[in-house]
Every structure is written in structure tokens, then in C-alpha cells.
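Coordinates in review
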Amino acid sequence: MVENAAPVPVPGDPPKSTIVESLSGKHVLITGVTGFLGQVVFERLLRDCPDTPIVLLVRGQQSQTGRARVEYLLRKPAFDPLRELLGEIALLRALDDRVTVVEGDFSKDVPRLPPGLDVVFHCAATVSFASPIDEGFQTNLYGAMNLYEGVVRSSSRPHLVHVSTAYVAGVQKGVIPEATLDHRVDWRLEAELALGARRDVETQSRRPELLDSFMEKAEKEHSRAGPTTVADDAEERRRGWVSKRLTEYGRARARSLGWPDVYTFTKAMGERAVEELAAEHGLPLSIVRPSIIESALLHPAPGWIDGFKMADPIIRAYGLGQIPEFPGIPEGIVDIIPVDFVVNAMLAVAVSPPDPGSPGYFHVSSGDRNPLQYFELYEYVREYFEAHPLPERGRGEHKVPEWKFPGNLKVERLIRRAEKLTDLAEQVVTHLPKSKAMRDAVARVDRDKSRVDFVKRYSDLYGAYTEAEVIYTDDRMLALWESLPVKDRATFPFDSAAVDWKYYLQDVHCPAVTESLRELSKRRAKPAVKIVERAEPVVAVFDMEGTIITSNVVESYVWAKFADLEPEGWPAELVSVFGRIPSYLQADRRDRGEFLRTFFRRYEGCSVEGLQRLIDQHVTEFMLQKASQASIRRVREHRAAGHRTILLTAAAEPFIQPLAPLFDLVIGAQLQVRDGRYTGFMSAPPLVGEARSAWLRRWAAAEGVDLRHSYAYADSHSDLPLLRAVGNPVVVSPDSALYRYARRRRWPIEEWSMSKGMPRVRFPRPATR
């Protein structure tokens with residue numbers, strides 16, 4: 001709760017507040033308007049300052065212009081109260097009458113800005129604690145410099161309200177005053193080297209030993225899918241290595257100079273650069289340093305938040321029971337401030353410009369006069385979840401753990417131990433045979449691994465904040481607050497001492513950041529397959545082995561050999577086949593095509609006529625019995641919707657004949673025949689891995705089929721290129737690698753039950769004497 005939480009009429013006050021009156025007729029430029037802070041600044045000016053012209057610098061995005069992005073912005077929840085107050089038409093009219101949208105990217109090249117600017121709110125920034133170092137400097141330093149140089153070129157001499165962060169003070173202890181930063185770091189040198197780092201790291205990433213490492217890992221995971229998939233994955237790994245290396249560089253350089261991360265480091269460098277620029281051009285400069293900005297207390301609505309901020313991932317994960325412990329000092333101060341308090345403070349600062357050459361510094365923080373201890377924060381959040389637990393879909397409610405605060409070293413040991421256990425479990429589940437139990441085990445391991453990775457990542461990112469023993473004084477901000485008339489204090493509150501943390505956390509913030517989780521648990525359903533009739537031609541492609549039936553090429557071969565052998569020879573042939581299974585599996589893991597070529601050699605000498613007779617007399621009925629009923633229903637559904645259907649398999653063509661009536665087209669492996677017997681060679685390379693997707697694209701182009709709306713069904717990771725070739729991939733009873741890939745991309749995953757085993761074979765009794 002907040003004292004004077006809503007505007008009230010005060011006898012004797014002028015009809016307008018000092019802030020509104022001072023901004024009347026002033027031209028205000030805002031950057032970062034599509035971001036968390038900038039949205040509220042824009043909304044408040046539209047709502048409370050009707051005589052203030054506004055200029056927005058907005059980057060175009062893909063096919064959207066800057067103007068279109070602003071129009072979309074007005075439909076977001078931050079503007080709901082204003083839209084209800086004015087109406088949709090009046091709000092759009094205000095946009096036309098009062099707002100000028102300048103399209104451009106301040107981090108690269110600022111376009112020509114209109115003259116006569118009076119105030120600049122620079123809200124845009126890269127706020128990630130783990131961004132690559134060059135990106136951090138490009139936005140947080142060069143971006144600010146580009147913007148203000150563009151302002152100078154427009155012949156304006158506005159008051160610069162530069163939004164920074166309280167944590168630019170670095171990893172200090174004790175009391176931090178509102179003043180310029182005390183450091184001697186050469187920002188020009190650091191920025192120049194940071195931007196040059198990407199070229200250096202890109203060069204390193206192309207060293208042969210690293211490229212070989214990327215290829216080795218890619219082949220291990222994707223070799224069965226084909227060389228193009230392997231190459232694409234290897235390049236993706238190289239890019240990931242570059243990004244990770246630049247992120248590590250930023251973190252290491254920041255910490256070596258006394259800052260916890262690249263965000264605070266680049267914001268500190270940006271402050272010093274902006275101070276010099278403002279002094280050089282005689283511009284009034286105010287640097288506003290908020291602490292941890294979280295959801296609104298009052299405006300635009302209690303609990304309003306856009307995306308998730310610093311504390312929110314931890315709160316949500318704790319509510320899901322996923323964080324058994326977290327590092328931090330229980331008595332340490334977690335300095336939180338609601339976003340509307342920051343915006344109100346910025347407006348008050350804007351109408352009180354300092355003299356040029358004497359920047360003003362303002363901490364918008366709570367730790368000095370209304371401290372919230374880490375242990376208090378934990379208790380309030382735990383009480384909230386105990387009273388309002390998050391639902392666990394199909395299992396009741398999530399139970400939150402009780403933290404003991406054992407110390408950072410103990411937490412680190414727990415994380416390392418958990419990592420070892422998940423790594424061991426990973427080795428086990430990836431070698432389990434394909435089954436529903438295997439997929440359930442993989443899901444559990446992935447869930448546990450995700451939890452461990454989450455705790456490790458956020459422990460590293462936020463450790464410096466939960467272990468902080470620092471207080472940011474806000475004497476200047478308090479003096480500014482006390483200088484405001486009563487009406488301004490009611491309309492634009494920002495006195496952090498008035499915030500009741502228990503009320504804010506339990507009645508405002510936690511309900512807001514968990515609302516989406518609660519809604520998701522009510523309506524979340526597994527991705528479903530939607531079979532839709534379309535005017536343009538559509539195809540549904542089905543793999544056979546493991547998708548429609550459990551049969552495989554080994555089983556098919558046994559049938560073929562039985563066609564030629566006398567019953568007395570069956571046991572020996574079975575022993576020969578199954579004795580080679582390990583070598584076949586090894587070949588299959590390396591390359592599906594290699595495996596097929598190797599295995600089909602065994603067909604040499606098999607009788608074509610005998611095999612066909614066996615299929616007609618026995619195999620057809622048996623295969624139809626073995627086929628998954630769900631698969632047959634799905635094929636018929638596609639045909640009923642007017643879709644063409646294809647069976648695409650690596651099995652030998654004779655063995656797919658029984659299923660041919662179900663499909664419009666069947667494609668299998670063609671075996672060479674000579675003198676009525678199979679030679680053991682194929683007539684063409686097998687359609688496996690990437691060859692399947694290449695064949696499908698060529699066929700679709702020739703037939704005029706739209707693959708964007710087509711379907712593919714498969715069970716193996718080797719079929720990944722085929723699944724990615726269509727707009728509606730469906731994974732059926734998948735292996736572990738494909739299962740994980742599908743879950744990450746939220747592809748439909750279906751379990752089609754199938755009858756198992758081969759038909760009962762009666763072996764001849766041994767002759768008796």
C-alpha cells in the first residue's frame with residue numbers, strides 16, 4: 001500500500017500540477033518506448049500531459065514500420081486504462097495530433113531528429129546480464145552517444161534524462177552516494193577493444209581443432225539425418241561458441257574491473273561517455289539510477305509488468321518447486337522499486353534540470369529508507385505460494401521448498417553434485433530401447449537437468465546481487481520529492497518509504513508474475529494434429545517402420561530367407577542374422593544408408609518368386625494385423641480431407657505391397673533382380689535421411705503440392721529432414737533424440753500402439769533314431 005495512493009483535490013492548488021505545467025508545450029523525445037520502462041513514460045505523458053508534444057525514436061522491425069509498432073503498442077495492456085478512458089478513436093487521434101514517430105536505430109545511425117527538443121528520456125538499453133561484450137557496448141555506450149550527437153545536430157539543447165542503474169557502482173560494500181562514479185577506466189579503449197573482440201573470436205572459432213570438435217559433436221547427434229544436417233548443426237555450434245565466448249569475455253572483463261556483469265560495466269562506461277559529451281556541448285544532464293525495477297504498484301495498473309524482470313524467473317521457479325536452495329546473504333538488502341515509481345521520478349527530474357556542466361545524479365531505490373532483506377523477501381514469497389500454490393497439471397499443487405540459506409559454498413557443492421547425477425542419468429536414458437517408458441525417463445531427466453541448469457545459471461548471474469552488502473542513498477531524490485506540491489505527490493508518487501513490501505509482494509507482484517502460469521495450467525494442451533481440407537494440393541507422408549508397424553528390415557529379411565530355406569535351415573539362419581545385430585546397429589548409428597547397403601547384401605540369391613508367394617500367403621495378413629490401428633485411421637482421415645498420401649520407407653518394395661491399397665503412392669527400396677533372384681544390391685541409393693526430404697521437395701514441385709500445409713509422420717531422428725520439410729510435422733513413438741527435438745519445438749508427439757513380435761514359427765523336430 002502507498003500513502004496518498006490516488007489523486008485527490010487539494011484546496012488552493014493550481015489547476016495543473018507543477019510537473020504537468022512545466023512540461024506543457026515542451027517537446028519530449030523518448031527512446032525505448034516499446035520496452036518496459038519506455039511504455040510507461042509514453043503512457044503517462046499521453047495521459048497526464050495533454051499539451052506536451054512527443055517524439056518517439058522507434059526501430060522498424062522486419063515488415064513493420066516504426067509507426068506500425070507504435071500503433072500496436074497502444075493495444076497492449078499498459079494502455080488499457082487510457083484506452084478505456086479516452087476510447088479507441090480518441091487515443092488514435094492523440095497519436096496523430098501529438099506524436100511524431102521517427103524511424104531509426106540509435107545504436108547504429110540516428111536519423112535526422114526534429115529541432116526544438118526540450119527533454120530527452122533515454123530509456124533504451126541492453127539489459128541482459130549475459131550479453132556478448134560487443135553488443136553491450138554497441139547499445140549502452142555507442143547507442144547513447146549516437147543519440148545525443150543526433151540531438152546536438154538537430155540544433156536542440158534539451159535536458160538529457162539518461163536512465164542508468166544503481167548497480168553501476170560495482171561490487172562495493174557500504175553506502176553509495178548519488179554522485180559521479182569513482183573510477184579511472186578508459187571507456188574509449190574498453191569500447192574499441194570490445195567491438196574488435198568479435199572479429200578476434202570469429203577468427204578463433206575457425207581454427208581446425210575447433211571446427212573438428214564442432215563436427216564431431218554434430219555427427220554424434222545427427223549423423224543418421226545426413227551430412228547437410230550435420231554441417232548445419234556444426235555451424236550452429238560454432239556460432240554458439242562465438243556468442244558464449246564473447247559473453248564470457250564481457251563477464252570476465254567486467255569482474256576484473258569491479259563490476260558484476262557486462263550490463264553494469266557497459267552502463268558505467270556509458271555514464272562517463274555521456275558526462276563528457278554533455279559537458280562538451282553544454283547540455284543539462286540528469287542521470288537516473290533505478291535499482292531492481294519490478295511490476296507497477298499503482299500505474300498503469302497494480303501489478304502491470306511487460307515480460308519478466310530480474311526477480312521474476314526466480315519467483316516463478318521457486319513457486320514450481322524447482323529451486324531447493326539459492327545463494328545469498330539472508331540479511332542482505334534486495335533493492336526493489338516499482339516501475340511506476342521510477343517513471344514518476346523521471347518526470348520530476350525532467351522538470352528540474354541542473355546547470356550545464358554540473359550533472360544531477362538520482363538513485364530511485366528503496367534500500368536506504370525502506371530496506372527489504374533477502375530473508376524477508378523469501379518469507380513473503382513462500383507465504384504467498386503456501387496460501388496460493390501453483391497448480392501442477394494432473395497432480396494437484398506444487399509444494400515450495402524451505403530454504404535453509406546454507407551458504408554459497410554449500411549451494412555450489414549441491415549444484416555440482418546434481419550435475420553429476422543428471423549426467424549419469426543422461427548416459428542411461430540415451431541407451432534405453434525405444435519405448436514409452438524410455439520417453440518418460442527422458443522427459444524426467446530433461447526436467448531435472450533443466451532445473452539444475454537454471455539454478456546454476458541464475459546463481460552465477462545474480463550472485464553478486466543476492467550477496468550485496470550495499471546501500472544506495474537517495475538523499476537527492478528525497479529532496480526532490482519533498483519539494484513537490486501535495487497534488488504532485490498524489491499524482492506522481494515515488495517515495496519508496498511508503499511501500500509496504502508484504503502487501504506489494506503478496507497482493508500485487510506475485511499474483512501478476514504467476515498469472516500466466518495459472519492460466520497455462522488450465523488450458524495448456526499437448527500440441528494436436530489438425531487435419532484441414534484445403535483448396536491447394538496437400539500431401540501426408542508416412543514412414544513405415546516404427547510408425548505404422550513395428551517391423552524392420554531385419555524381420556523382412558528373415559521372411560525372405562525363410563521363403564528359400566527348408567525348415568531345418570531356419571535356426572541356423574536366425575543365429576547368423578542375430579549374431580550380426582551389434583555390427584548392424586553400429587552401422588545404423590553411423591549412417592542409415594550404410595546399414596541398408598550392408599544388410600541388403602544378405603538378399604543375394606533369394607528367390608523373387610518364392611518371396612512373392614510367401615508375401616501373398618502369409619505376410620500380407622500378418623502385416624495388416626500388425627499395423628497400428630491409429631495409423632490406419634490417420635491415413636483415412638487424410639484421404640477423407642482430400643489429401644494425397646504417401647508411404648515412404650527404406651523397406652524392400654515387396655514388403656510394402658500389403659499396405660499399398662491404403663496410399664496413393666508407395667516408395668520403398670528397389671532391389672536388383674537377375675535370373676529370378678535378388679543380387680544383394682539396390683537399383684538406386686536408399687531414400688533415407690536428407691534424401692527423403694530432397695525427394696519430397698522435388699516430387700511436390702512437380703505435382704504442385706504445397707509443403708507448407710502438408711504433413712509428415714515418422715519415429716526416428718534420421719527422419720528429421722523429412723519432418724522439417726513440411727509445415728505439419730508429427731512425431732510418432734519417437735526415439736530419444738527425435739523426442740527431445742520435438743519437445744523443444746512443441747511438435748505433436750503421438751503414441752500409436754502396435755502389436756509386436758513375429759508370427760509363431762514351428763521349427764522341425766530333430767530326427768530321432
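Per chain, the residues get numbers from 1 upward, laid out in the order the sequence is written. Side-chain atom pairs in this predicted model are given and counted only at pLDDT of 80 or more, local residue features only at pLDDT of at least 70, and totals for whole chains, interfaces and linings cover all residues. Only hydrogens and water are set aside when side-chain values are computed; all heavy atoms of the structure are taken into account.

Structural notes on the pairing of strand 7 (residues 285-290)
Think of it in three bands: with a 1.4 Å probe and only protein chains considered, a residue is buried below 20% of the maximum accessible area for its type, exposed above 50%, and partly exposed in between. Runs of H or I in DSSP of at least four residues are treated as helices and runs of E of at least two as strands, each being numbered from the N terminus. Burial analysis of strand 7 places six of its six residues in the buried class, the great majority of the element. Taking every second residue as pointing to the same face, both faces of strand 7 are buried, with L285, I287 and R289 on one and S286, V288 and P290 on the other. As defined by bridge partners, strand 5 (residues 159-163) adjoins strand 7 across four bridges and the pair is classed as parallel. Along strand 7, the bridge assignment pairs H162 with I287. Sheet topology note: the strand 7/strand 10 (residues 360-364) ladder contains five bridges and is parallel. Counted as the bridge partner of R289 is H363 from strand 10. In this scheme, strands are said to pair when DSSP sees at least two bridges between them.

Some thoughts on the packing of helix 6 (residues 133-153) against helix 7 (residues 187-205)
Across the interface, helix 6 lies against helix 7 with an axial gap of 8 Å and an inter-helix angle of 135 degrees. Comparing the axis directions of helix 6 and helix 7 gives the class oblique. In the crossing of helix 6 with helix 7, the sense of the turn from one axis to the other is left-handed. Contacts between helix 6 and helix 7 involve I133, D134, E135, F137, Q138, L141, Y142 and M145 from the former and W187, E190, A191, E192, A194, L195, A197 and R198 from the latter. Partitioning the contact of helix 6 with helix 7 into residue classes produces 10 nonpolar, one polar and five charged. Note on definitions: angles span 0 to 180 degrees between N-to-C directions of axes, and those axes are lines fitted to C-alpha atoms, for helices only across the stretch in contact. To sort the angles, those under 35 degrees are grouped as roughly parallel, those over 145 as roughly antiparallel, those from 65 to 115 as roughly perpendicular, and the leftovers as oblique. When the near helix sits turned anticlockwise from the far one by under a right angle, the crossing is termed left-handed; a clockwise turn instead gives a right-handed crossing. Contacts are residue-level and defined by heavy atoms, with any inter-residue pair within 4.5 Å sufficient. Throughout this entry, Asp, Glu, Lys and Arg are counted as charged residues, while Ala, Val, Leu, Ile, Met, Phe, Trp, Tyr, Cys and Pro are counted as nonpolar. The remaining residues, Gly among them, count as polar.

Considerations on the sheet that holds strand 16 (residues 665-669)
With parallel pairing, six strands are arranged side by side in an open sheet as 16-15-14-19-20-21. Each end of this open sheet is capped by a strand with a single partner; those strands are strand 16 and strand 21 (749-750). Packing of helix 24 (residues 629-640) onto the sheet brings it into contact with strand 14 (539-542), strand 15 (644-652), strand 19 (711-714) and strand 21, and relative to strand 14 it is tilted by some 165 degrees. Strands in contact with helix 25 (residues 690-703) are strand 14, strand 15 and strand 16; relative to strand 15, the strand with the most contacts, it is inclined by about 150 degrees.

Quick word on the pattern of salt bridges
For salt bridges, the criterion is a side-chain nitrogen of Lys or Arg within 4 Å of an Asp or Glu carboxyl oxygen. Throughout the structure, instances matching the rule amount to 39 salt bridges. Between R272 and E275 there is a salt bridge, with its nearest N and O atoms 2.9 Å apart. Of the two residues, R272 and E275 both sit in helix 10 (residues 262-281), three residues apart, roughly one turn of that helix. A single burial state applies to R272 and to E275, both of which are buried. A salt bridge links R743 to D446; the shortest N-O distance between them is 3.8 Å. Taken as a pair, R743 in helix 27 (residues 736-744) and D446 in helix 15 (residues 436-466) lie far apart in primary sequence, 297 residues in all. Salt bridges sharing common partners tie together E202, R206, E235, R238 and R239.

Side note on the pairing of strand 15
Counting buried positions over the nine residues of strand 15 gives eight, a clear majority of the element. Direction of pairing for strand 14 relative to strand 15: parallel, over a ladder of four bridges. Note that in strand 15 the partner of F542 across the bridge is L647. Where strand 15 and strand 16 come together, four bridges link them in parallel fashion. Bridging from a neighbouring strand, L647 pairs with V666 of strand 16.

Concerning a nonpolar patch on the surface
Residues L424, V428 and L432 make up a contiguous nonpolar surface patch of roughly 260 Å² in combined accessible area. In this structure, L424 sits in helix 14 (residues 408-429). Like-charged residues are merged into a patch within 9 Å and nonpolar side chains (Val, Leu, Ile, Met, Phe, Trp, Tyr) within 5 Å, provided each residue has over 30% relative accessible area and no salt bridge. Computed with a 1.4 Å probe, the accessible areas rest on the Shrake-Rupley method; for each residue, only the protein chains presented here act as cover.

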